[in-house]
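As a plain string of letters, each chain reads:
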Amino acid sequence: MNLLEIDNLSLTIGDTPILKGVELTIAPGEVVGLVGESGSGKSMTALTIMRLLPHLARAEGRVAFDGIDILAATEDQMCALRGDDIGMVFQEPMTALNPVKTIGEQVAEGIRWHTRAGRAEAEERARKILDRVGLPEAKFPLSRYPHELSGGQRQRVVIAIACALKPKLLIADEPTTALDVVLQAQILDLLRDLVGENRMGLLLISHDLAVVTEMADRLTILRHGEVMEAGDTARTLSQQSHPYTRELALASMHVPARPKPHLAGSAKPLLEVEGVGRDYPGRRMSLFRPAQPIRAVDDVSLTIEPAQSVALVGRSGCGKSTLARMILALDKPTAGTIRFRGETITGKPEPALRPARRDMQVVFQDPYGSFDPRHKVEKLVAEPLHLLEKQPATAERREMVAHALDEVGLGPRDMDKYPHEFSGGQRQRLSIARAIITRPKLVVADEPVSALDVSIRAQILDLFAELNQKLGIAYLFITHDLTVARAMADEVLVMHEGRIVERGRTGDVLDHPRSEPARALVAAAPDLHRAIARRLQEQG
Amino acid sequence: MTAYLLKRLIIAALTLVLASMVVFAVMEVLPGDPARLMLGLNASADQVELLRNQMGLNAPVALRYLHWAGGLVSLDFGRSYTYSVPVIDLVRERIAVSLPLALIALALSTVIAIPVGVFSASRQGQAGDTLAMGAAQLGVAVPNFWFALMLIYLFAVWLRLVPAGGFPGWNAGVWTALKSLLLPAIALALPQAAILARVARSALIEVLNEDYIRTARAKGLPYRAVLWRHALRNAMIPVLTILGLQFAFLLAGTIIIENVFYLPGLGRLIFQAITQRDLIVVESIVMLLVAAVILINLIVDFSYAIVDPRLRGRR
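Remember, predicted model here, so these are calculated numbers, not experimental data.

Draft legend 1. Focus on the overall build of chain B. Along its length, chain B carries 14 helices and zero strands. For chain B, the N- to C-terminal ordering of α and β elements is α-α-α-α-α-α-α-α-α-α-α-α-α-α. In terms of overall dimensions, chain B has C-alpha extents of about 85 × 55 × 35 Å along its principal axes. Out of the 315 residues in chain B, the part that is buried amounts to 31%. Of all intrachain contacts in chain B linking residues separated by at least 6 positions in sequence, the fraction that spans at least 24 positions is 69%.

Put into structure tokens, the structure is as follows:
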């Protein structure tokens, strides 16, 4: 018998249809993947099962869990199910825990609520499950607060809360999207083990086909609230009979064409980083001893040539963003020098940095947070123009903005719109337009596609490649995503604990990593080809 | 935690010293000679000079500041020019009215505001919320003396439950004294509660949209439990900030209500002292209020650290 049966589920919020006739089943001990791009209705499906939908949402159809009609159940019945028989893990571990309560309180709370256990007994059980998810007592006593833990550790706490009472069904909504690949692999392993131990059903929601392929027995592909294809993971993805499935698979492995490959050693370097280090003041442990500084970046040297595309890869917290900030002269190194086009930029006063700022631009990860919502696109994209020697007149400025928008595939009419009128992918195009308007020689891109859906991401990668070919812009991609490095970079630098531990041609580093951190990254990175091959092999 | 508290404590002490210097300096530059004021217009220059010497007014400024500040530390504020009694006696008498009044009003305001804020936030946009926030809007807009008059009319004139004004003193019995403070406390509390309820509501609404509220709901806790156990404590920081400001106001900004109810409180004392140019009393009360505000802010800072563990690690 199936644990969860969703039959012809439709959902509207106000007048907007969100889900249309969704079908899904999960048997005990089975892992089902729910795949789709943002806005496809994955999370809403999950929240329907939990009955935690927004106020104006109306659901129709049938959702049966373990014989209980979820859509008709009373709120009391749902409270009894949530956290006991159905657990849920969310995407953003940094905000999923209450900052003013200890992790012990938060794990024990659900146990006490459902089992009526006393405080001591609930805490003992909380201790056990925290041990199980990899947070041993010695380092993670119950009295720890969430802000004392890292993202990966917090996600373990969230999993402990969800699995404390051995639920029959666990819903994991993008559980690893906010984590780096090594942490992602660890969390996925943990989920897989918990499924095996308790014969728990797992609904794994993800936009990442490779992750779902590695984990799920069956998958359901959702688009605009409708099921496109559903079935056995290996068969569905190896045959790719549905056009949308094929589209998704192709997009997630997309490598943009770059007909003119970069020839190393052909010119004098554009950017030279020599022995750069950055210390942050550490936390003072005693009133009488000076605080030990934290070394975020340690003796890093690298060079980038004109039109070369370099990827700086590493786990979160390895210092790659700090290094990028120093290259952009947004932060001062505590040691070493940085030269851009032969000119030293370290320690220069702001006016002397203007030429460097003009020739070096940045694209950030979050296309939502990097624009002032109250300004029109014309003003936003024209922002870097104040760095030019000669300020363009209004008409000329409009022309330059229109030209930049055209180069990133947007129209001149978009100039008079506000950022909220654009989709995520279009906004990332806007930030690229802003970056290239001064005709820079180098663009630093900090996780430029990790917030985007796979099909949009393929388009943005194409755009980066095209601009590199057409304008000869050199790139420094900062990413923890090896597929971006593979798609875009001539060379890869692997960073670990503030140091560059490996450097080489992209293919060499990613196919034959020599250093331990590089090997760990490559092993942990989900790869669709590899995952499908492994699935097929398992099934014979 | 200790580092955080120690730092707040040092900052508070420094603020107090700085404030005392400012107060002293302002009094120095104000026109008017206290000795001449005390002796009246007919006094001769010699008599004034003699009194000036007796009062130590001819000593160097720094010395006088130290003398004055030293007096403050030992609660010796000097003598009132007009009443010729030690200022501390005057103040002590008035604080016996103002402090309990402020505390009762603050407690009332909190007890009204928090449930209303929770009620409104949990029914955001619904009829109950609109009604409660409409009432709060009214509470903010209507002046508190009008409330006071209505309360007097209802409870003192019509129902004859409490006296309409005056203060019998604590010697008349705790209950009798409290009864005469009740109406003024309510009149003071209502507008404060209205403000506080609005702050609590908006803070709660923000918190209720946080991810960890969803996590708590996914644990199986009913909505009400999530509201009280998870949301409220996180919404306390802005509420505490407003509470601190309100207490400072309630301690000294109550002159209108004191007048309506004919209460011998601090507000009236400072008003009388100003009109009579009794500068030493003004100076003392201002210093006292400055100290109270600094102390309240210190308490608010400490309670931040109790509410939010993330602040404890800070320096």
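Draft legend 2. Fine view of the pairing of strand S11 (residues 271-280) of chain A. Residue and element names in this part refer to chain A. Where S11 and strand S12 (residues 294-304) come together, seven bridges link them in antiparallel fashion. Of the residues in S12, the one forming a bridge with Glu272 is Thr303. Bridge analysis of S11 against strand S14 (residues 335-340) gives five bridges, and the strand direction is antiparallel. Its bridge partner lying in S14, Val273 is registered against Ile338.

Draft legend 3. Geometry of the environment of Ala96 of chain A. Topologically, Ala96 of chain A is positioned in the loop between strand S6 (86-89) and helix H3 (103-115). Counting along the chain gives 112 residues from Ala96 of chain A to Asp208 of chain A, while the straight-line C-alpha distance between them is 21 Å. Aside from chain neighbours lying at most four places away, what touches Ala96 of chain A is Phe90, Arg154 and Val158 of chain A together with Asp211, Tyr212 and Thr215 of chain B.

Draft legend 4. Structural detail: the domain arrangement of chain B. All names here are of chain B. Under the domain assignment, chain B is made up of domain 1 (2-73) and domain 2 (87-311). Between domain 1 and domain 2, the C-alpha centre-to-centre distance is 33 Å. Counting from both sides, the interface comprises 15 residues of domain 1 and, opposite them, 13 residues of domain 2. Mapped by element, the contributors of at least two residues to the side of domain 1 that touches domain 2 are helix H1 (2-29) and helix H2 (34-39). In terms of residue count, the dominant contributor to the side of domain 1 that touches domain 2 is H1 (10 residues). Split by residue class, the side of domain 1 that touches domain 2 holds 11 nonpolar, three polar and one charged.

Draft legend 5. The arrangement of helix H11 (residues 236-252) of chain B in detail. Residue and element names in this part refer to chain B. In a regular helix each residue adds 1.5 Å, so 17 residues correspond to 24 Å; H11 covers 25 Å between its end C-alpha atoms and thus fits that length. By the burial criterion, the buried members of H11 are Met236, Val239, Leu243, Gln246, Phe247, Leu250, Leu251 and Ala252. Looking at the buried positions of H11, the neighbouring elements they touch are helix H5 (87-122), helix H8 (174-208), helix H10 (223-234), helix H13 (266-275) and helix H14 (279-307).

Draft legend 6. Main features of the pairing of strand S19 (residues 491-496) of chain A. Residues and elements named next belong to chain A. Most of S19 is tucked away: six of the six residues are buried. Along S19, one buried face is formed by Glu491, Leu493 and Met495 and the opposite face, lined by Val492, Val494 and His496, is buried too. Alignment of strand S13 (residues 309-313) against S19, held across four bridges, turns out to be parallel. Its bridge partner lying in S19, Ala311 is registered against Val492. In this sheet, strand S20 (residues 499-505) lies alongside S19 in antiparallel orientation, the contact comprising six bridges. When the bridges of S20 are listed, Leu493 appears paired with Arg503. Connecting S19 to the next strand, S20, in antiparallel fashion are two residues, including Glu497 with a positive phi near 45 degrees.

Draft legend 7. Structural context of the domain arrangement of chain A. All names here are of chain A. Partitioning chain A into structural domains gives domain 1 (4-252) and domain 2 (271-281 + 289-533). Taking only C-alpha atoms, the centre of domain 1 and the centre of domain 2 are 33 Å apart. Contributions of two or more residues to the side of domain 1 that touches domain 2 are made by helix H6 (181-198), helix H7 (209-215), helix H8 (233-239) and helix H9 (243-252). Residues of the side of domain 1 that touches domain 2, tallied by class, amount to 11 nonpolar, seven polar and five charged.

Draft legend 8. Focus on the packing of helix H6 (residues 127-141) of chain B against H8 of chain B. All names here are of chain B. In contact at an axis separation of 8 Å, H6 and H8 are set at 135 degrees when each is read in the N-to-C sense. Between H6 and H8, the angle is such that the two are oblique. Remark: the crossing between H6 and H8 carries left-handed chirality. In this structure, H6 contributes Met133, Ala136, Gly139 and Val140 to the contact, and H8 contributes Leu190, Pro191, Ala193, Ala194, Ile195, Ala197 and Arg198. Taken together, the residues that form the contact of H6 with H8 break down as nine nonpolar, one polar and one charged.

Draft legend 9. Looking closely at the sheet that holds strand S2 (residues 16-26) of chain A. Pairing in this open sheet of four strands is antiparallel, and the strands run S2-S1-S4-S5 (chain A) from one edge to the other. The strands lining the two open edges of the sheet, one partner per strand, are S2 and strand S5 (68-69) of chain A.

Draft legend 10. Layout of the sheet that holds strand S9 (residues 218-223) of chain A. All names here are of chain A. The six strands lie next to each other as S6-S7-S8-S3-S9-S10, forming an open sheet whose pairing is mixed. At either end of the open sheet lies a strand with only one pairing partner, and these are S6 and strand S10 (226-232). Averaged over neighbouring strand pairs, the angle between their axes works out to 15 degrees when direction is ignored. Here strand S3 (residues 31-35) runs beside S9; their pairing, made up of four bridges, is parallel. Bridge pairing links Val35 to Ile221 in S9. Running over the sheet, helix H5 (residues 151-163) touches S6 and strand S7 (169-173) and is turned about 170 degrees from S6.

Draft legend 11. Region of the structure containing the interface of chain B and chain A. Taken together, the contact between chain B and chain A spans 19 residues of the former and 24 residues of the latter. A per-element tally of the side of chain B that touches chain A places helix H9 (residues 211-218) of chain B first, with seven residues.

Conventions adopted
Residues numbered from 1 in each chain as written. Chains lettered and ligands numbered in written order. Predicted model: local features only at pLDDT ≥ 70, side-chain atom pairs only at ≥ 80, totals over all residues. Helix = DSSP H or I, 4+ residues; strand = E, 2+ residues; numbered from the N terminus. Buried ≥ 20, exposed ≤ 12 C-beta atoms within 10 Å, placed from the backbone. Contact = placed C-beta atoms within 7 Å. Pairing = 2+ DSSP bridges. Domains from an automatic or database assignment. Nonpolar A, V, L, I, M, F, W, Y, C, P; charged D, E, K, R; others polar. Expected span 1.5 Å × (residues − 1). Axes fitted to C-alpha atoms, helices over the stretch in contact; angles between N-to-C directions. Parallel < 35°, antiparallel > 145°, perpendicular 65-115°, else oblique. Left-handed = near helix turned anticlockwise from the far one by under 90°.

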